[in-house]
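# Structural characterization, general
What follows is each chain in one-letter form.
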Amino acid sequence: MHCLGYNDSMPELPEVETVRRGLYARIIGKQISRVWHDTEKNFPNSEADVRQFVVGASVLDVRRRAKVLMIDLDSNYTLVVHLKMTGQIVYRSEKDQFGAGHPNDSLVGELPDRSTRVAIHFFDKSVLYFNDQRKFGWMLLLPSVQLTDIDFFKAVGPEPLAADFTKTNFRQRLQRRLNSNIKATLLDQGVIAGIGNIYADESLWGAKIHPNTLVKNIGDKQLNTLFTELQYVLTLAIEKGGSTDKNYVNAEGKRGSYLSFARVFRREGKTCPRCGTTIEKIRVAGRGTHICPQCQKVVE
């Protein structure tokens, strides 16, 4: 079985949610007429399964779990998609187009092109393209009932924006790693799903917590504030179409605007919008980390 590995570099939750929303608005109910693919690496599925469970099937839903997309079909099979670093999803019809992913010319150029790995054609003549320059991404066909049995989905933590994910749940999840620093804990996909470097830095700044502070040294009140800040920055990023990091663009093929609203991430040398102190870049949990040394002090 194709490995559902986890790559934390990109995309983060808001970027994948941007892709999900764009697809959901366009392909629900569409019936698939044929599928083309180039290499088995990007599309590791048997031709017999594709003929039986994909061709002729209609799209029921488009879901996201952590950084993975799931396109549910009425054949009771699901196409599981991981964009990895250079993947793109591009939808084209006579009246509409949608593009999200690595911001090269394939988002707006003639398709298929040299980077196209999969093309899903619908009976209404629209096409969904999966492009990937570096061939690290994939689109895997699985029985829908088997998704919950995959090790990846068993291991990944709860969704931070789920309606039933509460402040109490959040504190309990973090407190599994009392002796770890808070940033490493936030980045651990087994603790909470989908949080990467940008949104960890932004939420920690909002809660006035130094990223090197051990979880056991953070009180419940401050953890509650961190929960509120995390939901705020993730929601804002989704509204803005994701970050402006080099690999992701929004549903219209334009770069997301979130980083123009960032308060600390990639603002080293600039003043803290809260206290005016110069923002610094340090290294925490093996990642470049942005802090205000005045607002965010390590608690011993």
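Summary of the structure given here. No experiment lies behind these values; they were computed from the predicted model shown.

## Quick look at the overall build of the protein chain
In terms of helices and strands, the protein chain carries seven helices and eleven strands. A burial count over the protein chain gives 55% of its 300 residues as buried. Of all intrachain contacts in the protein chain linking residues separated by at least 6 positions in sequence, the fraction that spans at least 24 positions is 64%. Accessible surface computed for the protein chain: about 13100 Å², of which carbon and sulfur atoms make up 47%.

## Observations concerning helix α7 (residues 220-239)
Side chains of residues three or four places apart in an α-helix project in the same direction, reflecting 3.6 residues per turn. With 20 residues, α7 extends 29 Å between its outermost C-alpha atoms, agreeing within 8% with the 28 Å of an ideal straight helix rising 1.5 Å per residue. Considering only its buried residues, α7 is in contact with α1 (13-27), α4 (167-174), α5 (182-187) and α6 (197-206).

## Some remarks on the side chain of S58
Position of S58 among the secondary structure elements: in the loop between α2 (47-53) and β2 (59-65). The residues touching S58, leaving out its near neighbours within four places in the chain, are G29, K30, Q31, D72, L73 and D74.

## So, the packing of α4 against α7
Contact geometry of α4 with α7 gives a least axis separation of 9 Å together with a crossing angle of 110°. As judged from the angle between their axes, α4 and α7 are roughly perpendicular. Across the interface between the two elements, K167, F170, R171 and L174 from α4 touch D220, L223, N224, L226, F227, T228 and L230 from α7. For the contact of α4 with α7, the residue count by class is six nonpolar, two polar and three charged.

## Considering the pattern of salt bridges
Going through the model one piece at a time under the given rule, you end up with 14 salt bridges. Of the charged contacts in the structure, one is a salt bridge between R64 and E17, with a shortest N-O distance of 2.9 Å. Residue R64 is located in strand β2, and its partner E17 is located in helix α1; the two are separated by 47 residues in the primary sequence. Across the pair, exposure class does not vary: R64 and E17 are buried alike. D38 is the partner of R117 in a salt bridge, and the nearest nitrogen-oxygen pair spans 2.9 Å. Here R117, found in strand β7 (residues 116-122), pairs with D38, found in the loop between β1 (32-37) and α2; they are 79 residues apart in sequence, far enough to count as distant.

## Things to note about the pairing of strand β5 (residues 87-92)
Of all six residues in β5, six are buried, a share of seventy percent or more. Residues G87, I89 and Y91 of β5 are buried on one face, and the alternating residues Q88, V90 and R92, pointing to the opposite face, are buried as well. Relative to strand β8 (residues 127-132), β5 runs antiparallel, the two sharing six bridges. Counted as the bridge partner of Q88 is N131 from β8. Pairing between β5 and strand β6 (residues 97-101): five bridges, direction antiparallel. Bridging across to β6, R92 finds its partner in Q97.

## Things to note about unusual backbone geometry
Looking along the chain, the bond that leaves L111 and enters P112 is cis, with omega of 0°. On the secondary structure map, P112 appears in the loop between β6 and β7. Positive phi, close to 70°, is recorded for N76, a residue that is not glycine. Structurally, N76 is set in the loop between β3 (68-73) and β4 (77-82). Classification of N76 as exposed rests on a relative accessible area of 56%. Even without a glycine there, the phi angle at A285 is positive, about 55°. With respect to the secondary-structure elements, A285 resides in the loop between β10 (280-284) and β11 (287-291). A relative accessible area of 40% places A285 in the partly exposed class.

## Here we look at the side chain of S115
Inspection of the secondary structure puts S115 in the loop between β6 and β7. A distance of 2.9 Å separates a polar atom in the side chain of S115 from a polar atom in the side chain of D113. For S115, the contacting residues outside a window of four places in its chain are S106, F130, N131, D132 and Q133.

Quick notes on the rules
- Residues numbered from 1 in each chain as written.
- Predicted model: local features only at pLDDT ≥ 70, side-chain atom pairs only at ≥ 80, totals over all residues.
- Heavy atoms only, no water.
- Helix = DSSP H or I, 4+ residues; strand = E, 2+ residues; numbered from the N terminus.
- Buried < 20%, exposed > 50% of the residue type's maximum accessible area, 1.4 Å probe, protein only.
- Contact = heavy atoms within 4.5 Å.
- Areas by Shrake-Rupley, 256 points an atom, 1.4 Å probe, with all protein chains shown as cover.
- Expected span 1.5 Å × (residues − 1).
- Axes fitted to C-alpha atoms, helices over the stretch in contact; angles between N-to-C directions.
- Parallel < 35°, antiparallel > 145°, perpendicular 65-115°, else oblique.
- Nonpolar A, V, L, I, M, F, W, Y, C, P; charged D, E, K, R; others polar.
- Salt bridge = Lys/Arg side-chain N within 4 Å of Asp/Glu carboxyl O.
- Pairing = 2+ DSSP bridges.
- Polar contact = N/O pair within 3.5 Å; in protein donor to acceptor, adjacent residues only side chain to side chain.

Everything listed here is a matter of coordinates, which is why it stays silent on function.
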